Each structure stands twice: as C-alpha cells, then as structure tokens.
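Report on the structure
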Amino acid sequence: MKLEIKSGKITWSSGGFEFGPGAPKLRIDGAEVNLRFSGVNGSNRKRIATWRAGGTELAMAFAQEAAGRIRVTTTLRNDSTQPRTLNHVTLFECRRVLLGAAPAEVRVLEQNAYVGHVRTPRQMWSGSDGLKALDGTMGAFTSQNHAVFYDPAVRRAVLVGFETVDRWLPEIKGRMNAAVGRAASVMDNVDGGAPQNSETAASAAAEPGRVPPFRRFEIGFDGGDLRIEPGELIKLGDFVLEDGNDPLDLLAGHGARIKLRNKFPDPPGPLANWCSWYPYRLGVSEENVRATARVARARNLDQLGLKYLQVDLGWEKDNIPTYFEENERFSHGLGWLSARLRAESFELGVWVGVLCVADTHPIAREHPEWLLRGEDGKPFVNYHWFWEPFCAVYSLDVSHPGAQVWLRENFTALARKGVRYVKWDFAGIVTGEKLRRRHAPRMVNARAREAVRTAFRIAQDALNSQGEPALMLDCSGVDYAGAGVTGLAYANLDTGNSGIGWRHLREVYTSYACHLFKHRWALLQPSCLVVGLPGTLEEARLRATVTFMGAGHVDIGDDLITLPEDRWSVLLATLPPNDTPAKVVDLFHPVRTGTLTYLAMIKSKEKKDPKAEKRSAMEAPQERAPEGTNIWALPVKTDWDEWTLVAVYNWTEPAIEPGSGVNLARRYQVELTRLGLPADGKFWAYEFWSGQFFGEIPRAEISPGAYRHPGDFTHPIQQSGPGWFDIGFHGPAVKLVILRRPRAHPWPLGTSFHQSGGRELADVKWNARTRTLSGRLLRPKGQSGFIMIACPEKSGVRAHRLSLTAMSDSTKWSVQLG
C-alpha cells in the first residue's frame, strides 16, 4: 500500500487500486469548516498531516505498520475559547477511485450489524441481483466499519477498516459513476444498464478498463453533536488500509487486530439455548417453558450443549419492554421459574428491549427528563410498538444519571431472580439520527455506539453482581455495540419460521458468512435454528448445516413438545455446537457453476463433433457474479483422524430447460486447493444427510464422445478429472460432504450422529491381525444411529453400515470385517 500526501491531498494506491486524491472535511456548529492544509512532517514510516480552521486543528497520523498496511489515527483539537459542537466528520473524501482493469467486475463487501453481501459495481448499477445498497439506494454502497474490494482477475484485494469501537459508528460509502453503468451494459446486456449521456458512453468506450466506478468515495461518521470544550483534544478513532491476495485473510487479520487493540476477552465456549419466540410468540407462559424443559431433559439436550431456556418477548406486563414486571402468564415470577429450570439442569434467560420506553410506562410520566428529545425539546416518538397496545415508543437517555441508576437496579433484580442469560433487543433505538438532545452532550448516541455500549456495560456488571456470571446477547442492530462487553452477538436478520422462502434464507445466511471473522470476540448467532414444520426436511437440513458450519451459538427455535422425529434427527445432529467456523470459499472469489442438462442427452443426432456433444450435454461451469455463498469448507482434526467438511448450498429453484420442461440440477465446481486440500489428492467422499457413499473423488474425466444419459446424474459427483471437487444436484438443497484420505483397510467414513463427521467417535483403531475396527461412541445414552465404514476390496470400496445405540455416555463398539 502506497501513500502520497501532496498539497493537502491524500492518495492511496496498490496495484490497480487507487483512492484519491482526497482530503478530510468537518461540520462543526452546524456549518462546513473550511479546512486549510498546514503541512506534513515525519518520516516515511510515520507522517502527520495537519489542517486548521477557525480555532480547530485536525491531525492525521499515517503509520506504515507493514509493507501492505497503513494505519490512520486522527485527533481533533478545539483551540478556541468557546465550546464547539461536532456534527459530522469526513476523514477522507475523493472523486476518483480506480479498481483495476475491469472495475465493473470487482467484488465489494458491504455490511452492517445484520446485513452483509458482496456485489459488483455492475450489480450495483443494474440491480440485476435484486439488491440495493444498505442505505436503500441504487448505484452505490454503504458499509459500516469496514469494506473490502477484491479483483478476481488478478486475485488482489484492499481492505478499509476501522479498528476502534467505543464511540463512533463509521461508514465507508461510494456512489457510482454513470460511465461504469454504461460499460457494464455494453459487456452484459442482461443487466439492463442504460447509457446516461454521450459523454459517459464515449468515456467508457475510450477507456473501458480504467473508468472510475465511483464519482464519490467517503470515509467518515456522524459526530453525534458532541460538545468539545475549549482546549480539549478528542480522538476520532483509527482505521487501516491494507492490501493482500486473499480478502478472507485481510478480514481475519483485521478481526485479530480489533480484538488485540481493544483488549477484548475471549468469547465463551460454544453453547445452545432454546428461544420461545418462534414456537409461542406472545403466547409464551411459564407452563410451556417448563414443559419444554422436561422434553429437553428427556432428550438429553443438557448433555449436548443446551444451557439456557430463554423466554422471549411476552413475559413482561402488557407485552411491552422496560416494565421488568411479570405478566399473568408468569404469575409465579421469574425467580420461581428459574428454580424449576435449574431442577431440570437448565438456566433461565429472558428477552429485554429496555431502551425502548412506552408512553404508558411510569418513566414516561414521572421522568420525562430521562428520555431523548427531538428538536422541539419534547420526548421523541420513534415509532409505535409493533404489537398491542401499539403505544408510542420513546428512547431512554443513557447519558442521564437517573436512567443509569434505574438500569442498574433492574438488571440487578433480574440477577437476583436467577436470570443468567439476557437477549437485549432494539437497543439501537437510541441511535436515531434525530435524537440529538440529551442530558449530557459529552456522550453521543445519535448514529453512534457510545450510549449503547454504556448501557450494555451497566447491565453486564449488574447481572454479574450476584456472584454468578451471566451472558448477554447483543441484538441492538448497532455493529460492534456489544464487542468486548456481551459474550454473544446476533449476526444477521431473523431467519423466521420455516417455509418463509429460499431467497430470504440465502440473503440472511450470506450476511452471516460476511460476519464470521467476528467470532474472535463473540459467539455469533445466526438467529434461531428452526427445523420444524411447515418447512421441508431439506430446508431444515440446510438451516442446520449453516448453523453448524458457522460455529458458536445454536439458538433452538422450535416447539420441542411437538417436533416430528425426522426433525429431531436434524436438531440432534447439530449438537453439541461446532467450535470453529468454516471458510466461506466463494464469498469473494466465485466457484464455477452451471446446470446438468437433459434434452441434449436423450435426443438422437449425428455425432459430428464428440467434444461439442459433450459440451452440449453438460453445460460448462462458469465463474459468475456473486449471488450468495455456495461452498463452505472446514478442516476437522481429532485424536484418531483428520478430514474436511464441505457444505454445498444450492439456494435456487431449479431452472426449466427450454424444449423439455425438465427441472435442471445445479452444478458446482471448485479446485481442491481452495478447499485446503492438495491438488493431486484423492479422497473418500461421504454425504452426511443422505448417508450416501460417493466413492473416491475426483472421478476420472469422461472421454470425448462417451455415451451419456440422464441416469448418470444419480451420482452427484461429476466426472471432471484431477484437482476438482465437482458436484451437481437439484435445489434448493444442501449437501454436507465428508472428504477423508483413503486407507488400505476398513475405516469410518462418517456417522449419522453428528454433522462433524466423527468428532463423536474416539479411540478408533484398526487391528489388522483380527481384522477388527473398534472405538468409542460419545453420545448420550439411548441415542441410536449408525457408523458408515469404507471397506476396500479387490473390486473396489464398499460401504458397510454399523448400527449402534449408545448404552452410556461412552459406548464401546467393534466390528470384524473380513
């Protein structure tokens, strides 16, 4: 990464990427400040540039931390004799951004607390992916905290990311240049980009590879109307610009530095809880919570990582947040319920939305000074509550000492009642752009993190005050608001009840994939895991696979009392939770996709060109623009073996083949090296959900002109030759494939017990003298299933199924194989 500062203008560049020239901007006391460049000093390793205007000094320190990384640390000093109000900070703004030789095809990561996706400027301009920028606009992107730009043609990436989290809520924004939309439409008419004018069209034609894709690029944040005292120096945070070959590695390094620089503790270990919302919503009661506990205990979920039963919205008076007072459905009180749950080996959790204050709440009447106000000086109505009684909702002013005392007292009371888990929802209500009038102007809340983090710290300390640690789940919708404070973080929008739709799940779980690097300081929750009806069994498996492969927090969202047995098998296979997140192989760099055709394979025709016939019968997979993520890979290692899990997600309804009306299967092809495997490797492949042994892969490539027919596709692994993982199947569906090094003797392929592919086995050994395979099964007593065993023979490798029922928590097993 190269930095140039010339006449107050800043330019960053790396390879084909270039940002600038640009400069900072400020809005103070309601007006734009005319910053004048004062100069730059220091060495190439660290330079400090200064701008001044009317008693204000802005200093930016540029440190070359590594060959590919520059850290920018900014401070602002009020050198005047009067207090100043900071409205907005733009640390860098430019009108010129170059993104390599083909800017329309560069992948751009855009994200906030709940949403994340990777799009190309072509998609931003045309809307061909059906998405908009996170601010709701077309031809733009708006990303909180960090953004990543990746050029797949040269495999080069640049990350722009903030690494301070306490106060501000930064944004990286870009708005498209019309010429790129024109260039995109010329290259791909299906995107529908229309020329804006002859000048931009001529620009695209004259220099198609170097057209700046954005007419405006900005790094900055809302100042929250922070009051700066005379002589005071405030920190405006720091961000890095870093280049590299692998965007996933850039995100991983970024996450590691955030944790280290902010001194975040390690997250808690993987766990599961049950949430009442999807099975019961506002009908939740102490009776159905206790019934759920009894079923969970009977199914031994306490031995599989289930720790908390969490009562969602519906336990408080009038079903309104902030009351901290049980309603008639919880007539015995939370203390009574927590004691009953402990008798079943579980802890009590509750939902709160405590920064939302209903106009019917005593605070609204008795302490209006504890509420955030609008421009008219009156408590500001954010919206009306989503459920009865649909009352107006205000925001608690966390900067007020009285409100802080009230928070501390009520969370302490929850702890005394035995609550050990809190899901805190809607805390982002205090960050509304219009909520700028508060008790203490030294704390920012509008479009900022500080107020939410302050509330979280008060609550966490209070919950821990009774001598037993408690966990909090950050559902604030404010990115990083709970980082280093709460142990758990909500990572995407709600999954919803099953059957809600495949496009919704694709977008939700793609967002989850974008956030996986944050697991370093929090267990990430991909919303509730709902595997029950009315959704299909395939949907249940897909939801469970994403949850397992993402690792961390499994939030069970089903009615366990009525859950069908086929769905219990899905749930049990997901517990205990995985502890290491998978690599999302195609988040940035696409895999090759295509379809498995039908009509061309059954039509009789003269064979003039065998190679051409092969191409028509099986569409050659191609690298395409991003539409969610399809391939996740996870290496697994135990004391007896190591293997790789590969999850393949087909989110799409089948395409209809013209002429035949046949639904076509989707094909995915990825290099073994991108799965972390050797290019010349050979592996036994076993699919977990179906229990199907795929044999040895890669399969040999078919010879040109070989006879093909639709029955060939009963084998999901396609014949593509060495170095490839190539699979095709109908969707929407998921395949969880276990890839294991072949042995010359019988060896486990996987089991039906757990998605990990064998972590539930121990001490697996092959005795060549007695030809006996043996080991131990680590599952709760009474659970039944099977181990699938590969048995090499002269004619090939056959699969042997060994049925087992756990007789204890550690069940010895053995089988003699001839």
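Residue numbers restart at each chain and count upward from 1, following the sequence in its written direction. Note on the predicted model: pLDDT of at least 70 is required for a residue's local features to be given, and 80 or more for side-chain atom pairs to be given and counted; whole-chain, interface and lining totals, by contrast, use all residues. To obtain the side-chain values, all non-hydrogen atoms of the structure were included, while hydrogens and water were left out.

Each helix is a run of H or I in the DSSP string that is no shorter than four residues. Each strand is a run of E no shorter than two, and both are numbered from the N terminus. A helix is expected to span 1.5 Å multiplied by its residue count minus one. Between its first and last C-alpha, helix 12 (residues 537–550) extends 20 Å over 14 residues, near the 20 Å set by a 1.5 Å rise per residue. Note on classification: 1.4 Å probe, protein chains only; a residue is buried when its accessible area is under 20% of the maximum for its type, exposed when over 50%, partly exposed between these limits. Among the 14 residues of helix 12, 12 are classified as buried, and the element is accordingly described as predominantly covered. When we look at burial in helix 12, the residues that qualify are Glu539, Ala540, Arg541, Leu542, Arg543, Ala544, Thr545, Val546, Thr547, Phe548, Met549 and Gly550. Positive phi shows up at alanine 551, right after helix 12, with a value of about 75°.

The buried fraction of strand 14 (residues 146–151) amounts to six of the six residues, a majority that puts the element mostly inside the structure. Where burial is concerned, the two faces of strand 14 agree: the one with His146, Val148 and Tyr150 and the one with Ala147, Phe149 and Asp151 are both buried. In short, DSSP must find at least two bridges between two strands for them to pair. With three bridges joining them, strand 11 (residues 107–111) and strand 14 adopt antiparallel strand pairing. Directly across from leucine 109, in strand 14, lies its bridge partner valine 148. Judged from the six bridges that link them, strand 14 and strand 15 (residues 156–162) form a sheet pairing that is antiparallel. Looking across to strand 15, one finds that valine 148 is bridged to leucine 159. Two successive antiparallel strands, strand 14 and strand 15, enclose a turn made up of four residues, where arginine 155 displays a positive phi of approximately 55°.

What follows concerns the sheet that holds strand 43 (residues 761–767). Strand order in the open sheet formed by three strands is 43-44-47, and the pairing between neighbours is antiparallel. At either end of the open sheet lies a strand with only one pairing partner, and these are strand 43 and strand 47 (811–816). Across the sheet, the mean angle from the axis of one strand to that of its neighbour is 15°, orientation sign disregarded. As paired elements, strand 44 (residues 772–777) and strand 47 share six bridges and run antiparallel to each other. From the neighbouring strand, glycine 775 faces strand 47, where its bridge partner is tryptophan 813. In this analysis an axis means a line fitted to C-alpha atoms, helices contributing only their contacting stretch, and an angle means the value between N-to-C directions, from 0 to 180 degrees.

Our next topic: the packing of aromatic side chains. Any Phe, Tyr or Trp ring, taking Trp's six-membered ring, that has another such ring centre within 6.5 Å forms a pair; planes under 30 degrees apart are called stacked, those over 60 apart edge-to-face, and the others tilted. Within this structure, the stated rule accounts for 39 aromatic pairs. Taken together through their ring pairs, the aromatic side chains of Trp12, Phe19, Phe62, Phe92, Phe141, Phe149, Phe162, Phe214, Phe217 and Phe239 make up a single cluster. One cation-aromatic arrangement involves arginine 740 over tryptophan 643; the distance from NZ or CZ to the ring centre is 4.3 Å. Placement of a positive charge over a ring is assigned whenever Lys NZ or Arg CZ falls within 6 Å of the ring centre and within 35 degrees of the normal to the ring plane.

Any Lys or Arg side-chain nitrogen located within 4 Å of an Asp or Glu carboxyl oxygen qualifies as a salt bridge. The full count for this structure, using the stated rule, is 52 salt bridges. One salt bridge connects arginine 447 with aspartate 222, and the closest N-O pair in it is separated by 3.5 Å. Note that arginine 447 is positioned in the loop between strand 25 (419–425) and helix 10 (450–463) and aspartate 222 in strand 17 (residues 214–228), a separation of 225 residues in sequence. Of the charged contacts, one joins aspartate 266 and lysine 259 as a salt bridge, the two residues approaching to 2.3 Å between their closest N and O atoms. Salt bridges sharing partners connect three or more residues here, namely Glu65, Arg69, Arg71, Glu163, Asp238, Glu242, Arg257 and Arg261.

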